[in-house]
Amino acid sequence: MIDSWEKLSARARKVGALVGVDRKAFPRDFAVFARAHRELARTRHLYPVPAPMPWEHAEALMRRHVDHTFSVEP
């Protein structure tokens, strides 16, 4: 399962990495949440969070990708 996530992260446009993951302990690695929080806090300064996208723009993007299903329902 972790191999699938690594393949997916390798497709990232800028940075692709699994955050806080200990391969030896996966999937019972509950400390992953603490490590991920620490690593994400450092990353936040490297890559600023983009401004919120207007709903109309997001909706137009989703409509162009008809091969995916999007829902705002819980």
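These remarks concern the structure in this document.

So, how was this worked out
- Residues numbered from 1 in each chain as written.
- Predicted model: local features only at pLDDT ≥ 70, side-chain atom pairs only at ≥ 80, totals over all residues.
- Heavy atoms only, no water.
- Helix = DSSP H or I, 4+ residues; strand = E, 2+ residues; numbered from the N terminus.
- Rg over C-alpha atoms; globule rule 2.2 N^0.38 Å.
- Buried < 20%, exposed > 50% of the residue type's maximum accessible area, 1.4 Å probe, protein only.
- Contact = heavy atoms within 4.5 Å.
- Areas by Shrake-Rupley, 256 points an atom, 1.4 Å probe, with all protein chains shown as cover.
- Lys, Arg positive; Asp, Glu negative; His and termini not counted.
- Charge placed at Lys NZ, Arg CZ, Asp CG, Glu CD.
- Patch = residues over 30% accessible without salt bridge, like charges linked within 9 Å, V, L, I, M, F, W, Y side chains within 5 Å.
- Salt bridge = Lys/Arg side-chain N within 4 Å of Asp/Glu carboxyl O.

## Considerations on the overall build of the protein
From N to C terminus, the protein includes 3 helices and 0 strands. Its helices and strands in sequence order give the protein the pattern α-α-α, from N to C terminus. For 74 residues, the compact-globule estimate of 2.2 N^0.38 gives 11 Å, and the protein exceeds it by more than 25% at 16 Å. Once the C-alpha set of the protein is aligned to its principal axes, its extents read approximately 40 × 30 × 25 Å. Here the protein holds 74 residues, and 9% of them are scored as buried. Taking the intrachain contacts of the protein between residues at least 6 apart in sequence as the baseline, contacts between residues at least 24 apart amount to 9%. Summed over its atoms, the accessible surface of the protein is roughly 7200 Å², and 60% of this surface lies on carbon and sulfur atoms. Side chains of the protein give 13 positive and 9 negative charges; the mean places of these two sets differ by 6 Å.

## Section: a nonpolar patch on the surface
Taken together, the side chains of M1, W5, L8, V21 and F26 present a nonpolar region at the surface, about 510 Å² in accessible area. When you line up the elements, V21 lands in the loop between α1 (2–10) and α2 (32–46).

## Remarks on the environment of L8
Take L8: it is sitting in helix α1. L8 sits in the partly exposed class, given a relative accessible area of 46%. For the pair L8 and L18, spaced 10 residues apart in the sequence, the C-alpha separation amounts to 9.7 Å.

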